[in-house]
Amino acid sequence: MRGSMSLVLVRTALRNLVAHKAKTSIVGSIIFFGSFLVVFGTALLDSIDRGMSGSITESLAGHLQIYAKDARDKLQLFGGGFMGGDDFGAIRDFKPVREILEALPEVKAVVPLGLQMVTVMGGNEIDQTLEELRQAVKSGDDDKIHSLAVKLRAMADDLLPDLERRRHIARDKAEIENQLRDLARVRSDAFWAELAKDPERGLTFLEAHVAPLVLDGRFLYFRNVATDLTRFPRLFDRFELVDGQMVPPGEPGILLAKRTYETWVKNPVARDLDKIYQGLTTQNLSIATATELADAARRLPRQYRRISFQLAVEDARTVERELRRLLPESTGDLGALLQDFLRVDDDNAVGRYRFFYDVIAPRLPLYTVPVGSDVILRAVTKTGYFKAAKVKVWGTFRFKGLEDSDLAGASNLIDLLTFRELYGIMTDDKQRELQGIRDAVGVKDVAREDAEAALFGGDARPSSADATPGTLGAIDAVAEIAAAKAPAPAVTFTPEEVDNGLTISAAVILKDPSRLHQGLAAVQRAIDAANLNLQVVDWQTAAGIPGQLVTVMRLVLYLAIFIIFLVALVIINNAMLMAMVERIGEIGTMRAIGAQRSLVMWMFIVEILTLGAIAGTAGALAALAVVSWLGHVGIPAPNDQLQFLFSGPRLYPAAGLENLLLGCASVCLVSLGSTLYPARMATRVQPVVAMQAKE
Amino acid sequence: MPAIVSLSNVAKDYPLGKTVVRALRGVSLAIEKGEFVAIAGPSGSGKTTLLNLIGCVDVPSSGEVTIDGRSTSALHDRELTNLRLHSLGFIFQTFNLVAVLNLYQNVEFPLLLKGHHTAAERKKKVEAMIDKVGLTPQIGQRPNELSGGQRQRVAIARALVTEPKIVLADEPTANLDSVTGQNIIDLMKALNDTLTTTFIFSTHDQRVISHARRVIRLVDGVVEDGAAQARGAGG
Ligand SMILES: Nc1ncnc2c1ncn2[C@@H]1O[C@H](COP(=O)(O)OP(=O)(O)OP(=O)(O)O)[C@@H](O)[C@H]1O
Ligand SMILES: [Mg+2]
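Residues numbered from 1 in each chain as written. Chains lettered and ligands numbered in written order. Predicted model: local features only at pLDDT ≥ 70, side-chain atom pairs only at ≥ 80, totals over all residues. Heavy atoms only, no water.

Chemist: With reference to specific residues and values, describe the overall build of chain B.
Modeler: Per the secondary structure count, chain B includes seven helices and ten strands. Within chain B, the fraction of its 235 residues that count as buried is 54%. Of the contacts made within chain B by residues no fewer than 6 positions apart, 70% connect residues no fewer than 24 positions apart. Of the roughly 9600 Å² that chain B leaves accessible, carbon and sulfur atoms contribute 49%. (Helix = DSSP H or I, 4+ residues; strand = E, 2+ residues; numbered from the N terminus. Buried < 20%, exposed > 50% of the residue type's maximum accessible area, 1.4 Å probe, protein only. Contact = heavy atoms within 4.5 Å. Areas by Shrake-Rupley, 256 points an atom, 1.4 Å probe, with all protein chains shown as cover.)

Below, the structure is given as structure tokens:
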């Protein structure tokens with residue numbers, strides 16, 4: 001078609017658009033909305049994709065993940081199965097994998113990652129009290145023994161109602177009745193008189209039978225990622241040490257995720273008070289209206305034991321005195337006072353928070369495993385045995401921008417050798433060494449036959465902390481106590497030892513992240529060629545559920561766009577069909593004076609494309625404006641999952657050319673598609689209608 | 001001189017439900033270049049049908065219509081359209097201007113369809129044509145800003161701007177008052193004189209018929225009177 005004709009078509013189209021305002025505004029607003037949605041939606045999703053890609057690749061996953069081909073489950077670095085429910089197989093020997101892959105030109109580095117679920121003994125207030133008692137007995141401090149006895153009897157009193165309640169609902173009543181008998185024994189004067197005569201016997205009874213009753217909060221579940229702690233911080237840009245120090249090269253140790261440290265390791269009373277205080281002072285929330293704060297406030301009074309059980313005798317007296325001054329109305333013992341104290345509302349919360357940190361917190365071990373202390377980790381080996389290992393908590397860390405994300409903040413970092421020990425693989429050397437350490441310490445302290453049997457099993461199993469699975473009861477706790485008495489193994493290791501051996505997966509960091517597919521192909525070729533029996537997946541797949549979330553969101557968006565466009569198709573089709581019918585006379589006239597059918601077709605196409613271009617551009621520009629405004633102020637992430645997706649507390653979206661192009665293309669396509677039928681109908685208009693036309 | 005329009009034994013049937021309306025039954029006639037012909041007859045006699053066949057917007061049921069030497073029944077839509085574009089001009093009873101285009105653009109439209117003129121040539125032709133129909137002062141106005149007579153002048157200009165051999169007009173004055181209708185016929189006649197374009201128009205207005213140089217009378221789909229077909233009945 002000639003230029004001048006096209007010009008006339010555009011002009012005619014524009015004039016027709018102006019002339020039929022109702023039709024134009026309906027069709028125009030649909031196109032506007034569709035274009036807005038496509039540009040805004042895809043820009044937002046692309047931004048989330050970029051953010052999440054950062055969250056995942058720069059925190060744990062790297063660009064590619066390698067793991068065993070025969071893994072029963074798909075690798076899930078974030079989320080996924082709990083407590084070793086998943087089996088990701090294992091890379092038996094990391095060293096050749098690293099050598100082969102790091103030789104590839106695409107690969108910058110390969111870092112081993114050993115995903116492992118462990119339990120940690122935590123919140124063992126009673127153990128600390130018993131330890132104090134043990135010391136007092138040893139040093140013959142009768143006053144101390146007496147006050148500790150009072151405390152322990154109070155603890156027993158305190159446990160009684162709970163246990164009574166549990167007896168009503170428990171299936172295994174016999175066990176609870178046994179426990180009630182044990183409690184009654186502790187509450188009797190006879191027991192304490194006996195303890196004075198034979199302290200060891202009494203102490204062992206307390207440790208074996210009473211301590212386990214304080215189950216509340218005794219176990220923490222940690223999600224550990226074992227890695228080369230020297231190389232990891234250098235290769236994962238988001239890593240940031242918060243408290244303490246890095247694990248020195250060659251030494252075993254664990255770095256706790258700051259988020260885990262603050263939410264799970266911190267005293268729950270402190271944690272809930274923190275949450276309420278934060279909510280009231282920085283987020284402008286109130287306990288009366290925000291369910292999150294209300295939940296915390298409701299929990300608090302029930303958790304008074306997390307204070308009362310943890311206070312040393314003298315400290316308990318001080319706190320009681322101060323509380324009486326703060327709450328003159330309150331009567332009753334420390335427990336009752338604390339419960340009153342922990343009943344917080346919007347009016348008193350800030351005051352209670354201050355009082356807690358001024359008076360109570362300095363007297364409490366605020367963290368179950370504080371930085372600098374040793375922690376016993378316990379894992380279930382593949383063969384079903386418990387393995388325990390003790391490591392030092394060197395510090396806490398976080399991934400920048402993901403400070404408040406539970407998904408990213410759920411994994412602690414631990415050295416590979418401790419991981420391998422917990423996994424159930426040890427060099428003979430290590431086994432002997434550990435055996436020596438365990439023989440030397442602690443075993444004689446639990447000199448009761450049942451405990452010994454539990455510790456060593458029927459035969460002389462080399463690892464003293466092995467216990468048959470399923471006995472999470474008293475015997476197990478004794479094993480824990482025994483292990484606790486051993487200091488963290490003072491072994492050191494070389495970088496070779498880190499590489500030589502087992503890992504679950506390995507992160508591959510590419511030199512050019514934009515060439516992910518080429519990198520993946522190269523790695524795939526290399527592991528196939530070397531017959532390593534491994535598989536490689538991209539970060540999105542490896543991340544598990546969060547990685548797929550964006551795909552799901554994309555699907556939902558596309559579905560929404562599809563539906564909207566389907567509706568648009570129908571509406572535009574109808575509007576254009578009506579326009580066609582209205583213009584039959586005009587079309588016939590044009591045909592009569594010599595316009596070909598194709599010109600009539602073009603007339604409609606140009607008209608809808610003109611409208612599409614105007615309304616579509618307007619929609620795209622509006623979307624751009626909204627996106628860039630949001631890119632300026634940021635979209636707050638209301639919850640943890642979104643924080644992870646947003647790669648931080650706020651998402652700053654940006655639109656790219658590709659979003660605009662996609663918007664234009666889809667709008668054009670839909671406009672065209674919806675006009676095809678009316679345009680075809682228009683071409684069928686016979687020129688003879690011009691002769692019949694009556695105005 | 002060979003006839004520019006010739007019909008030989010043309011019949012046109014319209015199916016109407018189960019019956020058939022025989023609008024034309026065996027019409028034969030010839031019109032030569034430069035003639036100014038009126039087709040007269042009562043309502044329903046087949047005037048419009050006849051013009052449709054000559055105008056190539058319809059084809060006969062039987063018989064042969066030859067326009068400028070080409071038999072229309074053998075032609076496809078595309079060729080018929082081309083024939084209309086290049087050889088025919090149309091003036092409609094209801095003017096049929098494109099509402100969204102102004103006077104100038106309406107007249108320019110068929111030239112654009114033809115496509116083989118430069119912008120300057122088009123401008124010259126269009127302005128000259130508009131001048132001929134006396135509408136230069138209204139050149140930028142839209143059809144709805146013009147009177148009926150003015151609109152029909154625009155239609156005439158549009159029909160003539162491509163310099164067609166034949167101009168067809170189906171009751172061009174029916175929607176106009178008698179004075180204006182007279183003016184339109186006078187204009188067509190003047191253009192017929194100067195341009196040697198063949199004008200064929202239908203009407204049942206006796207005063208209009210009296211201006212025709214030749215009258216073809218239709219009654220019930222047949223040409224009524226052989227003698228009346230002779231040249232130079234009026235004028
Ligand atoms: N499309 C059609 N379908 C069926 N019958 C038709 C059609 N067009 C015309 N006719 C019939 O054909 C006959 C001739 O009609 P035509 O329109 O040619 O007459 P006319 O002389 O132009 O009449 P008028 O002066 O009223 O315009 C009439 O009986 C009419 O009803
Ligand atoms: Mg008629």
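Moving on, there is more to tell.
Chemist: If you had to explain the overall build of chain A to someone new, which residues and values would you point to?
Modeler: Helices and strands together make up the secondary structure of chain A, namely 29 helices and twelve strands. Within chain A, the fraction of its 695 residues that count as buried is 53%. Considering only residue pairs separated by 6 or more positions, chain A has 77% of its internal contacts joining residues 24 or more positions apart. With an accessible surface of roughly 30900 Å², chain A has 58% of that area assigned to carbon and sulfur atoms.

Chemist: Help me get a handle on the site of ligand 1, residues and values and all.
Modeler: Residue and element names in this part refer to chain B. The immediate surroundings of ligand 1 are formed by 14 residues, with Ser43, Gly44, Lys47, Thr48 and Thr49 found nearest. Between ligand 1 and Lys47 there is a distance of 2.7 Å, counted from an oxygen atom to a side-chain nitrogen or oxygen. At a separation of 2.5 Å, an oxygen atom of ligand 1 approaches a polar side-chain atom of Thr49. Elements with a contribution of two residues or more to the shell around ligand 1: strand E1 (3-16), strand E2 (19-32) and helix H1 (47-54). Split by residue class, the shell around ligand 1 holds five nonpolar, seven polar and two charged. (Near = heavy atom within 4 Å. Polar contact = N/O pair within 3.5 Å; in protein donor to acceptor, adjacent residues only side chain to side chain. Nonpolar A, V, L, I, M, F, W, Y, C, P; charged D, E, K, R; others polar.)

Chemist: An account of the packing of aromatic side chains is needed here, citing residue identities and associated values.
Modeler: All names here are of chain A. Under the counting rule described, the total for this entry stands at 17 aromatic pairs over all chains. Considering the side-chain rings of Phe419 and Tyr423, the 5.8 Å spacing of their centres and the 45° angle between planes classify their relative orientation as tilted. Of this pair, Phe419 and Tyr423 both sit in helix H17 (residues 416-423), four residues apart, which is roughly one turn of that helix. Relative accessible area serves as the criterion here: at 0%, Phe419 is assigned to the buried category. What links up through ring pairs into an aromatic cluster is the set Phe232, Phe236, Phe239, Phe397 and Phe399. Directly above the ring of Phe205 sits Arg185, whose terminal nitrogen or CZ lies 4.1 Å from the centroid. The ring of Trp394 has Lys392 lying over it, and the distance from NZ or CZ to the ring centre is 4.1 Å. (Phe/Tyr/Trp six-rings, centres within 6.5 Å; stacked < 30°, edge-to-face > 60°. Lys NZ or Arg CZ within 6 Å of the ring centre and 35° of its normal.)

Chemist: Let's hear about the sheet that holds E1(B): which residues, and what values?
Modeler: Residues and elements named next belong to chain B. A sheet is described by the order of its strands in space; here four strands give the open sequence E2-E1-E4-E5, paired in antiparallel fashion. Taken across any chain shown, the strands that pair with only one partner, and hence form the sheet edges, are E2 and strand E5 (70-71). Where E1 lies against strand E4 (residues 62-67), five bridges are found, and the strand directions are antiparallel. Its bridge partner lying in E4, Ala11 is registered against Ser62. Contacts from H1 reach E1, E2 and E4 within the one sheet, and its direction differs from that of E1 by about 125°. (Pairing = 2+ DSSP bridges. Axes fitted to C-alpha atoms, helices over the stretch in contact; angles between N-to-C directions.)

Chemist: So, the interface of chain B and chain A: which residues are in play, and what are the values?
Modeler: Between chain B and chain A, the residue contacts involve 30 residues of the former and 28 residues of the latter. For the pair chain B and chain A, the interface holds three salt bridges. Of the charged contacts, one joins Glu108(B) and Arg11(A) as a salt bridge, the two residues approaching to 3.9 Å between their closest N and O atoms. Linking chain B to chain A there are nine residue pairs in polar contact (both at pLDDT 80 or more). Sorting the residues of the side of chain B that touches chain A by element identifies H1, helix H2 (77-87), helix H3 (103-114) and helix H5 (148-160) of chain B as the ones contributing at least two each. The element contributing the most residues to the side of chain B that touches chain A is H2(B), with six residues. Counted by class, the side of chain B that touches chain A contains eleven nonpolar, ten polar and nine charged residues. (Salt bridge = Lys/Arg side-chain N within 4 Å of Asp/Glu carboxyl O.)

Chemist: Outline the sheet that holds strand E10 (residues 222-223) of chain B, supporting the account with residue identities and numerical values.
Modeler: Residue and element names in this part refer to chain B. Within the open sheet, the six strands sit side by side as E6-E7-E8-E3-E9-E10. Their pairing is mixed. Taken across any chain shown, the strands that pair with only one partner, and hence form the sheet edges, are strand E6 (88-91) and E10. Relative to strand E7 (residues 166-170), E6 runs parallel, the two sharing four bridges. Each residue of the ladder has a partner; that of Leu88, found in E7, is Ile166.

Chemist: Can you break down the environment of Lys12(B) residue by residue, with the values?
Modeler: All names here are of chain B. Inspection of the secondary structure assignment puts Lys12 in strand E1. Among the residues examined, Lys12 registers a relative accessible area of 9% and is labelled buried. Leaving out residues up to four positions away in the same chain, Lys12 has contacts with Val21, Arg22, Ala23, Leu24, Thr49, Leu53, Asp58, Val59, Pro60 and Ser61.

Chemist: Run through the side chain of Thr396(A), naming residues and quoting values.
Modeler: Note that Thr396(A) resides in strand E7 (residues 386-399). In terms of polar contacts, Thr396(A) uses its side chain to reach the side chain of Asp243(A), at 2.7 Å.

Chemist: Account for unusual backbone geometry, with residues named and values stated.
Modeler: Of note, Asn531(A) is a non-glycine position whose phi angle comes to about 55°, a positive value. In this structure, Asn531(A) sits in the loop between helix H22 (516-529) and strand E10 (534-538). The phi torsion at Glu171(B) lies on the positive side, around 45°, for a residue other than glycine.

Chemist: Which residues make up the pairing of strand E8 (residues 411-415) of chain A, and what values do they have?
Modeler: All names here are of chain A. The buried fraction of E8 amounts to five of the five residues, a majority that puts the element mostly inside the structure. Burial along E8 is two-sided: the face carrying Ser411, Leu413 and Asp415 and the face carrying Asn412 and Ile414 are both buried. Judged from the two bridges that link them, strand E5 (residues 254-257) and E8 form a sheet pairing that is antiparallel. Bridging across to E8, Leu255 finds its partner in Leu413.

Chemist: Lay out the environment of Met553(A) in plain terms, naming residues and giving numbers.
Modeler: Residues and elements named next belong to chain A. Structurally, Met553 is set in helix H24 (residues 545-582). Spatially, the C-alpha atom of Met553 lies 7.7 Å from that of Leu45, the residues being 508 residues apart in sequence. The contact partners of Met553, leaving out residues within four places of it in the chain, are Leu45, Ile48 and Leu645.

Chemist: So what's going on with the packing of helix H14 (residues 313-326) of chain A against helix H16 (residues 349-360) of chain A? Which residues, and what values?
Modeler: Residue and element names in this part refer to chain A. Where H14 meets H16, the closest approach of the two axes is 11 Å, and the angle between their N-to-C directions is 155°. It follows from the interaxial angle that H14 and H16 lie roughly antiparallel. You can see that H14 and H16 cross each other, and the crossing is right-handed. Mapping the contact onto sequence places Val319, Glu322, Leu323 and Leu326 in H14 and Arg352, Phe355, Val359 and Ile360 in H16. (Parallel < 35°, antiparallel > 145°, perpendicular 65-115°, else oblique. Left-handed = near helix turned anticlockwise from the far one by under 90°.)

Chemist: Lay out the nonpolar core in plain terms, naming residues and giving numbers.
Modeler: Judged by nonpolar contacts, the single largest core of 208 residues is most densely connected at Leu101(A), Phe356(A), Ile360(A), Leu377(A) and Val523(A). Two domains each donate at least three residues to this core, and these are domain 1 (2-54 + 547-694) and domain 2 (62-121 + 493-543) of chain A. Formed by 37 residues, the second largest nonpolar core is a distinct cluster that contains Ile130(B), Val161(B), Val167(B) and Val208(B). (Core = buried A, V, L, I, M, F, W, Y, C linked by side-chain atoms within 4.5 Å. Domains from an automatic or database assignment.)

Chemist: An account of the environment of Val371(A) is requested, with residue identities and associated values reported.
Modeler: Residues and elements named next belong to chain A. With respect to the helices and strands, the residue Val371 is situated in the loop between H16 and strand E6 (374-380). Judged by its relative accessible area of 28%, Val371 is partly exposed. Val371 sits 110 residues away from Tyr261 along the chain, and the two C-alpha atoms are 9.3 Å apart. Each residue touching Val371, except ones within four places of it in the same chain, is listed here: Asp243, Gly244, Tyr261, Val393, Trp394, Gly395 and Thr396.

Chemist: If you had to explain the pairing of E1(B) to someone new, which residues and values would you point to?
Modeler: Residue and element names in this part refer to chain B. Both E1 and E2 contribute to a ladder of ten bridges, which runs antiparallel. Within E2, the position partnered with Val5 by the bridge is Ile31. The hairpin turn running from E1 into E2, its antiparallel successor, is two residues long, and Gly17 in that turn takes a positive phi close to 65°.

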